[in-house]
Amino acid sequence: MLDGGESFTTPDGRTIGGVLMEMKHITLRFGGVTAISDISFDIREGEIRAIIGPNGAGKSSMLNVISGFYKPQEGEVFFRGEKRGPVKPYQVAREGIARTFQNIALFEGMTVLDNVMTGRITHMRTGLWRQALWWGPAQAEEVENRAQVERIIDFLEIQAIRKTPVGRLPYGLKKRVELARALAAEPKLLLLDEPMAGMNVEEKEDMSRFILDVNDEFGTTIALIEHDMGVVMDLSDRVVVMDYGKKIGDGTPDEVRANQDVIDAYLGVAHD
Amino acid sequence: MPDQLLFAIEVTLNGLMAGVLYALVALGFVLIFKASGIFNYSQGVMALFAALTLVGIMEGQVPFAHLINAVFGTELHHFGWHVPALAAIVLTMVVMIALAWAVNRFIFRHLVGQAPIILFMATIGLAYFLEGLGDLMWGSDIKTLDVGLPQGINLWIDETTYEAFGYGFFIDNLDIVATIIAALLVAGLVLFSQYTKQGRALRAVADDHQAALSVGISLNFIWVLVWSLAGFVALVAGIMWGAKSGVQFSLSLIALKALPVLMLGGFTSIPGAIVGGLIIGVGEKLFEFLVGPLVGGATENWFAYVLALIFLVFRPQGLFGEKIIERV
Ligand SMILES: Nc1ncnc2c1ncn2[C@@H]1O[C@H](COP(=O)(O)OP(=O)(O)OP(=O)(O)O)[C@@H](O)[C@H]1O
Ligand SMILES: [Mg+2]
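Under an unreviewed UniProt entry, the name given to chain B is Branched-chain amino acid ABC transporter permease, and the organism recorded is Psychromarinibacter sediminicola. Looking at the Subcellular location (unreviewed entry) heading of the UniProt record, one finds this comment for chain B: "Cell membrane". Per UniProt, chain B has the following entry under Sequence similarities (unreviewed entry): "Belongs to the binding-protein-dependent transport system permease family. LivHM subfamily."

Identification of chain A as ABC transporter ATP-binding protein from Psychromarinibacter sediminicola is taken from an unreviewed UniProt entry.

Enquirer: Would you take a moment to explain the site of ligand 1 for this structure?
Expert: Residues and elements named next belong to chain A. Ligand 1 sits among 14 residues. The nearest are Gly56, Lys59, Ser60, Ser61 and Gln102. Here Lys59 contributes a side-chain N or O atom positioned 2.8 Å from an oxygen atom of ligand 1. Contacts to ligand 1 include Gln102, whose side-chain N or O atom sits 2.8 Å from an oxygen atom. In the complex, the protein chains occlude 64% of the 630 Å² of accessible area that ligand 1 would expose alone. Those elements giving two or more residues to the shell around ligand 1 turn out to be β4 (33-44) and α1 (59-66). The leading source of residues in the shell around ligand 1 is α1, at three residues. For the shell around ligand 1, a count of residues per class yields five nonpolar, seven polar and two charged.

Enquirer: What is the right way to look at the interface of chain A and chain B in this model?
Expert: In many reports, interface size means the accessible area that the parts give up when they come together. Taken together, the contact between chain A and chain B spans 29 residues of the former and 22 residues of the latter. Summing both partners gives a buried area of about 2200 Å² for chain A against chain B, and 63% of it is carried by carbon and sulfur. Here chain A is connected to chain B by three salt bridges. In this structure, Asp114 of chain A and Arg203 of chain B form a salt bridge, with 3.2 Å as the shortest nitrogen-oxygen distance. Applying the counting criterion to the chain A and chain B interface returns seven residue pairs in polar contact (both at pLDDT 80 or more). Elements supplying a minimum of two residues to the side of chain A that touches chain B: α2 (89-94), α3 (112-118) and α4 (128-133) of chain A.

Enquirer: Would you take a moment to explain the coordination of the magnesium ion (ligand 2) for this structure?
Expert: Six octahedral donors at a metal ideally form angles of 90 or 180 degrees, and four tetrahedral donors ideally form angles of 109.5 degrees. Within the protein, Ser60 of chain A (OG) and Gln102 of chain A (OE1) serve as the donor atoms for the magnesium ion (ligand 2), at 1.9 to 2.1 Å. Linking Ser60 of chain A in helix α1 with Gln102 of chain A in the loop between β8 (97-99) and α3, this pair joins segments that are 42 residues apart in sequence.

Enquirer: What is the right way to read the sheet that holds strand β3 (residues 19-30) of chain A from this model?
Expert: Two pairing modes exist for strands in a sheet, parallel and antiparallel, and in both the strands are linked by backbone hydrogen bonds. All names here are of chain A. What the four strands build is an open sheet, ordered β4-β3-β6-β7; its pairing is antiparallel. Whereas interior strands pair on both sides, the edge strands pair on one side only; in this sheet they are β4 and β7 (82-83). Pairing geometry for β3 and strand β6 (residues 74-79), over five bridges, is antiparallel. When the bridges of β6 are listed, Thr27 appears paired with Glu74.

Enquirer: What am I meant to see in the pairing of strand β9 (residues 189-193) of chain A here?
Expert: Remember that side chains alternate between the two faces of the sheet whenever the strand is regular. Residue and element names in this part refer to chain A. Burial of β9 is extensive: five of the five residues sit out of reach of the surface. Of the two faces of β9, the one carrying Leu189, Leu191 and Asp193 and the one carrying Leu190 and Leu192 are both buried. Sheet topology places β8 next to β9; three bridges connect them, and they run parallel. The residue bridging Arg99 from the neighbouring strand is Leu191, located in β9. By the bridge criterion, five bridges tie β9 to strand β10 (residues 221-225) in an arrangement that is parallel. Along β10, the bridge assignment pairs Asp193 with Ile225. You can see the chain leave β9, run along helix α7 (residues 201-218) and come back into β10, and the turn it takes is right-handed.

Enquirer: Help me understand the nonpolar core in this model?
Expert: One recurring pattern in soluble globular proteins: nonpolar side chains tend to sit buried together. Counting 102 residues, the largest nonpolar core has Leu24, Leu54, Phe108, Leu130, Leu145, Ile217 and Trp227 of chain B as the members making the most contacts within it. Per-element tally for this core: the top contributor is helix α10 (residues 219-245) of chain B, with 17 residues. In this structure, Ala98, Ile104, Val116 and Ile158 of chain A belong to the second largest nonpolar core, which totals 36 residues.

Enquirer: Just checking my understanding: could you explain the packing of helix α11 (residues 254-265) of chain B against helix α12 (residues 270-290) of chain B for this structure?
Expert: Between two packed helices, both the angle of their axes relative to each other and the distance between the axes serve to describe the pair. Residue and element names in this part refer to chain B. Between α11 and α12, the least distance of the axes is 8 Å, while the angle of their chain directions is 120°. Looking at the two axes, α11 sits oblique to α12. Helix-helix and strand crossings are classified by hand; for α11 and α12 the assignment is right-handed. Residue-level inspection shows Lys257, Pro260, Val261, Leu264 and Gly265 of α11 in contact with α12, the latter providing Gly272, Ala273, Gly276, Gly277, Ile279, Ile280 and Glu284. Residues of the contact of α11 with α12, tallied by class, amount to six nonpolar, four polar and two charged.

Enquirer: So what exactly am I meant to see when it comes to the pattern of salt bridges here?
Expert: A side chain with one charge may pair with a side chain of the opposite charge, provided their charged atoms come close. Taken as a whole and judged by the stated rule, the model has 26 salt bridges over all chains. Residue Arg238 of chain A is joined to Glu47 of chain A by a salt bridge in which the shortest nitrogen-to-oxygen separation is 2.7 Å. A residue pair is termed long-range when its members are at least 10 positions apart, and Arg238 of chain A in strand β11 (residues 238-243) and Glu47 of chain A in the loop between β4 and β5 (48-52) qualify at 191 residues. Comparing Arg238 of chain A with Glu47 of chain A shows no difference in burial state: the two are buried. The residue Glu284 of chain B makes a salt bridge to Lys257 of chain B at a minimum N-O spacing of 3.3 Å. One end of the pair, Glu284 of chain B, is in helix α12; the other, Lys257 of chain B, is in helix α11, with 27 residues separating them in the sequence.

Enquirer: Honestly, the UniProt feature "transmembrane region" (unreviewed entry) in chain B in this entry has me stumped. Any pointers?
Expert: Per the UniProt record, "transmembrane region" (unreviewed entry) is found at residues 12-33, 45-65, 85-104, 111-130, 176-196, 217-241, 261-282 and 289-314 of chain B. Helix makes up 100% of residues 12-33 of chain B and strand 0%, and the two end C-alpha atoms of the span are 30 Å apart.

Enquirer: Hey, could you run me through the environment of Gln102 of chain A in this one?
Expert: All names here are of chain A. Relative accessible area serves as the criterion here: at 31%, Gln102 is assigned to the partly exposed category. Placed 19 residues apart in sequence, Gln102 and Ile121 show a C-alpha to C-alpha distance of 22 Å. With near-sequence residues (within four places) excluded, Gln102 lies in contact with Ser60, Lys175, Asp193 and Glu194. Within the structure, Gln102 has its side chain in polar contact with the side chain of Ser60 (distance 2.7 Å).

About the criteria used
Along each chain, residues carry numbers from 1 onward, in the same order as the chain's sequence is written. Think of it this way: whatever chain is written first is A, whatever ligand is written first is 1, and the rest follow in order. In keeping with the predicted nature of the model, local features appear solely for residues at pLDDT of at least 70, side-chain atom pairs appear and are counted solely at 80 or more, and the whole-chain, interface and lining totals rest on all residues. Note: side-chain values were computed over all heavy atoms of the structure, leaving out hydrogens and water. UniProt positions are given in the numbering used here, feature names are shortened, and annotations may be inferred rather than shown by experiment. By convention in this text, a residue qualifies as near a molecule or strand provided that one of its non-hydrogen atoms is within 4 Å of it. Between N or O atoms, a polar contact is any pair within 3.5 Å; within protein, one atom must be a potential hydrogen donor and the other a potential acceptor, and residues adjacent in sequence are included only when both atoms are from side chains. Calculation of accessible area relied on Shrake-Rupley with a 1.4 Å probe; when residues are assessed, cover is drawn exclusively from the protein chains displayed. The way it works is that DSSP assigns letters per residue, a run of H or I at least four long becomes a helix, a run of E at least two long becomes a strand, and they are numbered from the N terminus. Only Asp, Glu, Lys and Arg are considered charged in this grouping, and only Ala, Val, Leu, Ile, Met, Phe, Trp, Tyr, Cys and Pro are considered nonpolar; every other residue, Gly among them, is considered polar. Every residue pair with non-hydrogen atoms within 4.5 Å of one another is taken to be in contact. Note: buried area is the sum, over both parts, of the accessible area (probe 1.4 Å) each one loses when the two are combined. In the sections that follow, a salt bridge refers to a side-chain nitrogen of Lys or Arg positioned within 4 Å of a carboxyl oxygen of Asp or Glu. Water is not among the atoms examined, so metal sites may look incomplete; donors are the N, O and S atoms within 2.8 Å of the metal, or within 3.2 Å for Na, K and Ca. If DSSP finds at least two bridges between two strands, the strands pair. The cut-offs for exposure are 20% and 50% of the maximum accessible area for each residue type, with area from a 1.4 Å probe on protein chains only; residues under the lower value are buried, those over the upper are exposed, and the others partly exposed. Assignment of crossover handedness uses the view with strands pointing away from the viewer, where a clockwise path from the first strand over the helix to the second indicates a right-handed crossover. Throughout this description, the term nonpolar core refers to a set of buried Ala, Val, Leu, Ile, Met, Phe, Trp, Tyr and Cys residues connected via side-chain atoms within 4.5 Å. Orientation is described by axes fitted as lines to C-alpha atoms, over the contacting stretch for helices, and by angles from 0 to 180 degrees between their N-to-C directions. Orientation categories follow fixed angle ranges, with anything under 35 degrees roughly parallel, anything over 145 roughly antiparallel, 65 to 115 roughly perpendicular, and all other angles oblique. Should the near helix be turned anticlockwise from the far one by less than a right angle, the crossing is termed left-handed; should it be turned clockwise, right-handed.

In structure tokens:
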């Protein structure tokens, strides 16, 4: 039911549209290590797409290919129907793809507010000279973007720490600030690399709720990597399963759970 | 008021003014170091190069005249025009921006990810290259720079203080102007980095390259921007120093004064560069005044370094840097 191009409605009433991002025969090598080997899959507009797999399977590498941080040796990437040329990560960000990192990459010396404001950079258009001279439009733009950022800060319930330097925050809150910064860009596609890793149960529940709300309220398409199977099954519409750089499963949570290769990979059956 | 105290106040004032200029030069270092981790050894030579270019443009000198004449057997030296100071400053800034672009395009873009010592070596190379380029373009003779800044003793201050205390303070007009301009520039840079998109992007790049890329910041753009800002700072410093003591090789040595300022203020702190500059400026003048006579003078040559050394021992992260504790 999911391979046609037309949109449809999920059991919980959300609308999933056509293909937003398509990866075709992606292969990525680091010297002798093949991190990704000939993988194809797509991400559809409005869905939550999970990428799962054991440690070292190549999940983060795949996210890095999507966000332009890694350049695959083979394969093609299509975003909104257009084939992507050789791009830099900052250009990918400007196309409307925002991300978080497995090991949190925040601007530690800056306040929460300033961190989230950097997420608006792709939306701020006035040039250097006007910025430098704090000329009319630059000022108006700053105010307008600031208002947008405050809405996101409210949405993620981090008002209390707005002015705190990020370096002083505990791990769980840092993860949330990183999500806020990515959201501030109002991305078409949001990439989350293990958004709940290292969190306690309560923090995980909060984060799950935020991810669902983002998808629901803003209609943001989300691709996320996660180890906690319970979370993955609850959140995602479709799941890609990777193991040793290969795709071993792709489908709804129920389909994937019933897939023998996936079960073997997770039970650690010897590879031959 | 006792004479000693009056002298000390006068010395302190002069020290503050010197300090603002030290702060300015140190700021050039801090900008580049924060954004790219490069300790730019060529900052002083950039000031010399900027001043040479400014004089050359104002005087209507033909760039590379020696080279052209040697190759083509011509006798070119001057275009025969004079460019007004303000226009020449703008043109020089264009040259400094072009230099910033070229430095990134041809050197540092190829050295991304290299160890800091390699980047540092590259800036040493750049320093010698720029020194040679300056000579080749504009000739190696000592030049005077006059952009119309007022010079000489400020009579108003002299008279007012004489009437009030019976002792007239000697304060040079050039120092006053230099202080005001440098202070405005420093304030402008701080506001720019604090409250504008590009300023925020600059701080973001200084903090984390990967994260900066992920929000859509082009590292190359930021690097050209910081090198241009450093070029601008170098130009201003070059004008001040050049107006005072002529444009010649020794101008590039002002960078040496910035080193102790950086050790005091920390290599990554803008407020640190400012306060550090002021402390060194005032400190070395006061020390010379109070202790100099007892040890035979000339303490200004070493005072700043000794102060910096003491700091290195007791507070290696500088005044404003955070203490780094190794994670184990
Ligand atoms: N920048 C890199 N340089 C060299 N090898 C890399 C690089 N990034 C990833 N690899 C290798 O590629 C393989 C896949 O790594 P990747 O980080 O994508 O796995 P992962 O599925 O995200 O694992 P985890 O669950 O532990 O995060 C590993 O063998 C890893 O060592
Ligand atoms: Mg990973």
